[in-house]
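Chain by chain, the residues:
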Amino acid sequence: MRQEDVIAGPTTPLDAPAFPPGPYRFTDREYLNITYRTDPEALRRVVPEPLRVAEPLVRFEVMRMPDVTGLGDYTESGQVLAVEYEGERGDYPLAMYVDNHPAIASGRETGAFPKKAGRPRLYTDSDTLVGTLDYGSLRVATATMGYKHRTLDESEARAELTAPAFQLKKLPHYDGSPRICELVRSQITEVTVKGAWTGPARLQLFAHALAPLADLPVLEVVAVSHLLTDLTLGRPQVVHDYLAPAGGRSGQ
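Residues numbered from 1 in each chain as written. Predicted model: local features only at pLDDT ≥ 70, side-chain atom pairs only at ≥ 80, totals over all residues. Heavy atoms only, no water.

K.L.:
Looking at this structure, how should I read the environment of Asp99?
P.N.:
Position of Asp99 relative to the elements: it lies in the loop between strand 4 (88-98) and helix 3 (101-111). Taking C-alpha positions, Asp99 is 9.3 Å from Asp73, a pair spaced 26 residues apart along the chain. At 2.9 Å, the side chain of Asp99 forms a polar contact with the backbone nitrogen of Thr75. (Helix = DSSP H or I, 4+ residues; strand = E, 2+ residues; numbered from the N terminus. Polar contact = N/O pair within 3.5 Å; in protein donor to acceptor, adjacent residues only side chain to side chain.)

K.L.:
Teacher, can you tell me more about unusual backbone geometry here?
P.N.:
Across residues other than glycine, the phi torsion is negative in most instances, and most of the peptide bonds are trans. A cis amide bond, omega 5°, links Gly22 with the succeeding residue Pro23. Tracing the backbone shows Pro23 in the loop between helix 1 (3-8) and strand 1 (25-37). Geometrically, the link from Glu49 to Pro50 is a cis peptide bond, its omega value of 5° lying close to zero. Residue position: Pro50 is located in the loop between helix 2 (40-44) and strand 2 (52-68). Phi angles above zero are rare outside glycine, and Ala112 is one such case at about 65°.

K.L.:
When you look at a nonpolar patch on the surface in this model, what are you seeing that I'm missing?
P.N.:
Among the surface-exposed residues, Met1, Val6, Ile7 and Leu14 lie close enough to one another that they form a single nonpolar patch of about 440 Å² accessible area. Locating Leu14 in the fold gives a position in the loop between helix 1 and strand 1. (Patch = residues over 30% accessible without salt bridge, like charges linked within 9 Å, V, L, I, M, F, W, Y side chains within 5 Å. Areas by Shrake-Rupley, 256 points an atom, 1.4 Å probe, with all protein chains shown as cover. Salt bridge = Lys/Arg side-chain N within 4 Å of Asp/Glu carboxyl O.)

Quick look at the structure:
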């Protein structure tokens, strides 16, 4: 294999890459989102500088993705924090738990998403929309929402979907020292909102050493959404290089 072919491949193994190159288009992507107020000190312990906590808010989300170009069919769940970077409000995904290896590998390698293996589910139980997250055999989150009780304004749904996201990309050298340590910004594009609803909701989090969602306790549920959409993931851009000698700013 020629050097240019090695460079052109999306990832390893070279003869059967773990994921194809993007961009990735999502069809009928379904969300259960519960935004809640939490302990601001607990948030400050996990939000990396130069991001700052905008409000003591966390969004627990479960996403059912039955049709993703190149990646297939999978479900994802995690916590997203309300942050600010240089005056711009946005989201910071703290952790994402996924049941599909290509989605984990591509998310980490090309998107700087903090993905690891988990067992999320999103389903309807009679008149209730249910989202759960298991880590291994143990339950770490259960979310319930009244099924399509009230229509949510499309502009609110679109704003929730298209907020900028800031992710932390870390990659070590072989000796363990940091090789890449960057803050990147990405944004969802080409959004079609097919349905948006709200209603009563509850969220339970359970303590776990390796899936510590409960470290950000639920104090008050402040917003709920059930969304059905088509969308495309935007390419991330570096906004802060922690290893740069002059203040970390990046023009990439």
